[in-house]
Amino acid sequence: MTVKVLVTGGAGYIGSILVPVLLDEGYEVTVLDSLLFNQSSLLECCGNPNFDFVKGDICDLNLVNNLLPEFDIIIPLAAMVGAPACRINPTLTRLVNYDAHMNIVNNISAHQKVLFPTTNSG
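Residues numbered from 1 in each chain as written. Predicted model: local features only at pLDDT ≥ 70, side-chain atom pairs only at ≥ 80, totals over all residues. Heavy atoms only, no water.

Caption draft 1: Spotlight on the sheet that holds strand S5 (residues 113–114). Across the sheet, which stays open at both edges, the 5 strands sit in the order S3-S2-S1-S4-S5 with parallel pairing between neighbours. In this open sheet, the two edge strands, each paired with only one partner strand, are strand S3 (51–55) and S5. (Pairing = 2+ DSSP bridges. Helix = DSSP H or I, 4+ residues; strand = E, 2+ residues; numbered from the N terminus.)

Caption draft 2: Broad picture of the pattern of salt bridges. Considering all chains together, one arrives at 1 salt bridge under this definition. The salt bridge partner of Asp99 is Arg94, with a shortest N-O separation of 3.7 Å. (Salt bridge = Lys/Arg side-chain N within 4 Å of Asp/Glu carboxyl O.)

Caption draft 3: Seen up close, the nonpolar core. With 15 residues, the main nonpolar core has Leu6, Leu32, Ile58, Val64, Leu68, Ile74 and Ile104 as its most contacted residues. Every element with two or more residues in this core is listed here: helix H2 (61–67) and helix H4 (90–106). The next biggest cluster of nonpolar side chains, apart from the first, holds 14 residues, and it includes Ala11, Val19, Val29 and Ile73. (Core = buried A, V, L, I, M, F, W, Y, C linked by side-chain atoms within 4.5 Å. Buried < 20%, exposed > 50% of the residue type's maximum accessible area, 1.4 Å probe, protein only.)

Structure, rendered in C-alpha coordinates:
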(Lines give C-alpha, C1' and ligand atoms only; values in the text may rest on other atoms or scores of the structure.)
Protein backbone atom coordinates (compact mmCIF):
# COMPACT_ATOMS: atom_id res chain seq x y z
CA MET A 1 0.00 0.00 0.00
CA THR A 2 1.39 3.37 -1.02
CA VAL A 3 1.48 6.05 1.67
CA LYS A 4 -0.23 9.27 0.61
CA VAL A 5 1.33 12.54 1.76
CA LEU A 6 -0.11 16.06 1.64
CA VAL A 7 2.46 18.86 1.77
CA THR A 8 1.02 22.33 2.26
CA GLY A 9 3.32 25.08 1.05
CA GLY A 10 5.21 22.40 -0.82
CA ALA A 11 6.53 24.75 -3.51
CA GLY A 12 8.44 26.78 -0.92
CA TYR A 13 12.01 26.48 0.26
CA ILE A 14 11.74 23.31 2.36
CA GLY A 15 9.04 21.70 0.24
CA SER A 16 10.99 22.10 -2.99
CA ILE A 17 13.69 19.89 -1.47
CA LEU A 18 11.41 17.53 0.49
CA VAL A 19 8.83 16.71 -2.19
CA PRO A 20 11.30 15.18 -4.71
CA VAL A 21 12.84 13.10 -1.90
CA LEU A 22 9.40 11.79 -0.87
CA LEU A 23 8.63 10.91 -4.49
CA ASP A 24 11.99 9.12 -4.85
CA GLU A 25 11.12 7.10 -1.73
CA GLY A 26 7.88 5.93 -3.35
CA TYR A 27 5.31 8.10 -1.58
CA GLU A 28 2.29 9.53 -3.38
CA VAL A 29 2.62 13.27 -2.83
CA THR A 30 0.09 16.04 -3.27
CA VAL A 31 1.22 19.63 -2.82
CA LEU A 32 -1.21 22.36 -1.82
CA ASP A 33 0.32 25.77 -2.52
CA SER A 34 -0.98 29.20 -3.49
CA LEU A 35 2.17 29.95 -5.51
CA LEU A 36 2.11 33.41 -3.94
CA PHE A 37 5.64 34.10 -5.21
CA ASN A 38 5.09 32.51 -8.67
CA GLN A 39 7.62 29.83 -7.86
CA SER A 40 8.22 26.97 -10.29
CA SER A 41 10.35 24.84 -7.98
CA LEU A 42 8.36 21.62 -8.50
CA LEU A 43 8.29 21.51 -12.30
CA GLU A 44 10.61 18.48 -12.28
CA CYS A 45 8.01 16.57 -10.25
CA CYS A 46 5.14 17.10 -12.70
CA GLY A 47 6.09 14.08 -14.81
CA ASN A 48 5.96 11.74 -11.83
CA PRO A 49 2.67 9.79 -11.73
CA ASN A 50 2.79 9.87 -7.91
CA PHE A 51 2.75 13.69 -7.86
CA ASP A 52 -0.29 15.93 -7.80
CA PHE A 53 -0.55 19.68 -7.35
CA VAL A 54 -3.49 21.67 -6.01
CA LYS A 55 -3.30 25.43 -6.37
CA GLY A 56 -4.98 26.77 -3.28
CA ASP A 57 -4.57 28.46 0.06
CA ILE A 58 -4.12 26.72 3.40
CA CYS A 59 -6.58 29.30 4.81
CA ASP A 60 -9.34 27.95 2.54
CA LEU A 61 -10.70 25.66 5.24
CA ASN A 62 -13.26 23.98 2.97
CA LEU A 63 -10.57 23.06 0.47
CA VAL A 64 -8.20 21.79 3.16
CA ASN A 65 -10.87 19.87 5.06
CA ASN A 66 -12.05 18.19 1.84
CA LEU A 67 -8.47 17.12 1.03
CA LEU A 68 -7.45 15.87 4.48
CA PRO A 69 -9.28 12.50 4.53
CA GLU A 70 -7.32 11.33 1.46
CA PHE A 71 -3.93 11.35 3.18
CA ASP A 72 -1.98 9.25 5.65
CA ILE A 73 0.57 11.97 6.45
CA ILE A 74 0.18 15.73 6.39
CA ILE A 75 3.27 17.95 6.37
CA PRO A 76 2.19 21.57 6.89
CA LEU A 77 4.91 23.83 5.51
CA ALA A 78 2.74 26.76 4.43
CA ALA A 79 3.75 29.76 6.51
CA MET A 80 4.52 33.44 6.56
CA VAL A 81 8.26 33.29 7.18
CA GLY A 82 10.63 35.79 8.74
CA ALA A 83 10.06 38.49 11.31
CA PRO A 84 9.81 41.34 8.76
CA ALA A 85 7.11 39.54 6.74
CA CYS A 86 5.24 38.55 9.89
CA ARG A 87 5.32 42.12 11.22
CA ILE A 88 3.75 43.54 8.05
CA ASN A 89 0.47 41.74 8.67
CA PRO A 90 0.25 40.05 12.08
CA THR A 91 -3.40 39.09 11.55
CA LEU A 92 -2.62 37.23 8.33
CA THR A 93 0.46 35.70 9.94
CA ARG A 94 -1.64 34.27 12.78
CA LEU A 95 -4.22 32.97 10.30
CA VAL A 96 -1.62 31.22 8.14
CA ASN A 97 0.92 30.14 10.78
CA TYR A 98 -1.44 29.13 13.58
CA ASP A 99 -5.15 29.01 12.78
CA ALA A 100 -4.81 27.11 9.50
CA HIS A 101 -2.48 24.57 11.11
CA MET A 102 -4.80 24.10 14.06
CA ASN A 103 -7.59 23.45 11.58
CA ILE A 104 -5.54 20.56 10.20
CA VAL A 105 -4.81 19.15 13.65
CA ASN A 106 -8.48 19.43 14.64
CA ASN A 107 -9.76 17.73 11.47
CA ILE A 108 -7.61 14.65 11.07
CA SER A 109 -8.49 11.16 12.19
CA ALA A 110 -6.65 9.01 14.69
CA HIS A 111 -4.85 7.07 11.93
CA GLN A 112 -3.40 10.17 10.26
CA LYS A 113 -0.07 11.72 11.20
CA VAL A 114 1.04 15.34 11.09
CA LEU A 115 4.76 15.99 10.74
CA PHE A 116 5.45 19.61 11.57
CA PRO A 117 8.97 20.73 10.73
CA THR A 118 9.02 24.41 11.50
CA THR A 119 10.96 27.60 11.26
CA ASN A 120 10.87 30.15 14.06
CA SER A 121 7.96 31.79 12.23
CA GLY A 122 5.92 28.59 12.43
